[in-house]
Amino acid sequence: MSKSFHPPKRTLMGPGPSDVSPRVTAAMGAPTIGHLDPAFVGLMDDIKGLLQYAFRTKNKLTIPVSAPGSAGMESCFVNLLEPGDKAVVCQNGVFGGRMKENVERCGATAIMVQDDWGKPVDPNKVEEALKANPDAKLLAFVHAETSTGARSDAKALTALAHQYDALSLVDSVTGLGGIELDVDGWGIDAIYSGTQKCLSCPPGISPVSFGERAVDVIKNRKTKVQSWFLDMSLVMGYWDGTGGRTYHHTAPVNSMYGLHESLVMLAEEGLEKAWARHAYHHQALAAGIEAMGLRFVVDQEYRLPQLNSVTIPAGVEEAKVRAALLNDYNLEIGAGLGALAGKVWRIGLMGESSCKTNVLLCLGALDAVLTGMGAAINSGRAVAAANAVYKG
Ligand SMILES: *Cc1c(COP(=O)(O)O)cnc(C)c1O
């Protein structure tokens, strides 16, 4: 007979999920109530307000989609695109490729703008593509590319989209809560995120926000949205308090408790302070990584503080290192993905995971494991280099 499951206690420093605060797990353990219970309806309104704060937007259509980040991605594409439409899609890592898949599955054409993995999206190439395709309905790009650790200039790219009369559709799954993001200030038309990266919530929910221009496009569609579940015109009736709540689907009630608590924690800390915390602990980690003699994949200017891609030293069996970290230190770091598979480690400092304890644990463990394997690194310097930043 199967027994109860007791997960090991890990420190999560991969590309997500990140460490979850005990406050969030405690909130999720509260009694389940009905999803149309007036108390839950009140919670939903509060979540909307907190998400507006986190996204920096007044967009009415700002809601948590009841499914992971990939569903937020899909909800943006299926609502905004119709068969025969054209979209300019930027790819500088794994997730731009998924955007292309989404565009094509909507019966639309994807005009691809390619940049090397580890580089940000090049606004010059984007401008050329928008110029050459004046009928493009939208420009889609990834703000924080989790597969490489590169940050693209969401403000400049959104301005370009508008200059060429296209909507901007932004993936900020790893950006939200970790680096500057200003949906209204930058004029982003549609954006999606996830709970398990810098919001330090368990995975499973995807905050999305649609601006007025995007809502107009949705309202004036000629064809029905291909996905019933993700059709925003139906979901709006569920999340919009005005016309009385109608049943659309059963919200994951306890997951919403968790999201709510994590957003309360973000508001308590303050958005800008959270961004500064991510930058600070990244600095300490980077000092340690570089003191070891390891190199970053992304140039400093474009580095995401919450996702650190580090080149694997020659001759090191990277999977063995990750296994040793997991088995001996209960520490998870990420492997490379796609074009960077086998070439890099991805060290996450996202949300709750972005703290001094984790930085020092990771550097000490990596130093010890690599030294034990006889890797060509500068042994015994990493923790001191990070501590120098902390004492700074
Ligand atoms: C994690 C991630 C996603 C997908 O989110 P899931 O919750 O895994 O579905 C999409 N885009 C980016 C940039 C991500 O990091």
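Residues numbered from 1 in each chain as written. Predicted model: local features only at pLDDT ≥ 70, side-chain atom pairs only at ≥ 80, totals over all residues. Heavy atoms only, no water.

A.B. asks: Account for the domain arrangement of the protein, naming residues and giving values.
C.D. replies: Per the domain assignment, the segments making up the protein are domain 1 (21-267) and domain 2 (271-391). Listed per partner, the contact involves 30 residues of domain 1 and 24 residues of domain 2. Carbon and sulfur atoms make up 62% of the surface buried where domain 1 meets domain 2, a total of about 2200 Å² over both sides. Counting the surface domain 1 buries against domain 2, the share from its top three residues, W117, G149 and R151, is 21%. Between domain 1 and domain 2 we count 2 salt bridges in total. Here K119 ties to D299 by a salt bridge, and the two come within 3.9 Å at their closest N and O atoms. (Domains from an automatic or database assignment. Contact = heavy atoms within 4.5 Å. Buried area = accessible area lost by both parts, 1.4 Å probe. Salt bridge = Lys/Arg side-chain N within 4 Å of Asp/Glu carboxyl O.)

A.B. asks: Provide a residue-level description of the sheet that holds strand 13 (residues 344-348), including the pertinent values.
C.D. replies: What the 4 strands build is an open sheet, ordered 1-12-13-11; its pairing is mixed. The outermost strands of the open sheet, each flanked by one partner alone, are strand 1 (11-13) and strand 11 (307-311). Geometrically, the sheet is characterised by an average inter-axis angle of 30° between neighbouring strands, direction not taken into account. With 2 bridges joining them, strand 12 (residues 331-335) and strand 13 adopt antiparallel strand pairing. Bridge assignment links G334 to a residue of strand 13, and that residue is R346. Taken strand by strand, helix 13 (residues 356-372) contacts strand 1, strand 12 and strand 13, and its axis lies near 85° from that of strand 1. (Pairing = 2+ DSSP bridges. Helix = DSSP H or I, 4+ residues; strand = E, 2+ residues; numbered from the N terminus. Axes fitted to C-alpha atoms, helices over the stretch in contact; angles between N-to-C directions.)

A.B. asks: For the sheet that holds strand 4 (residues 109-114), give the residues involved together with the corresponding values.
C.D. replies: Paired through backbone hydrogen bonds, the strands of a sheet run either parallel or antiparallel to each other. The 7 strands lie next to each other as 2-10-9-8-5-3-4, forming an open sheet whose pairing is mixed. Of all the strands in the sheet, the pair left with one neighbour each is strand 2 (61-65) and strand 4. The mean inter-strand angle of the sheet, taken between neighbouring strand axes irrespective of direction, is 15°. Across 5 bridges, strand 5 (residues 138-142) lies against strand 8 (residues 167-171) in parallel orientation. Within strand 8, the position partnered with L138 by the bridge is L167. Docked against the sheet, helix 5 (residues 123-132) engages strand 3 (86-91), strand 4 and strand 5, running at close to 150° with respect to strand 4.

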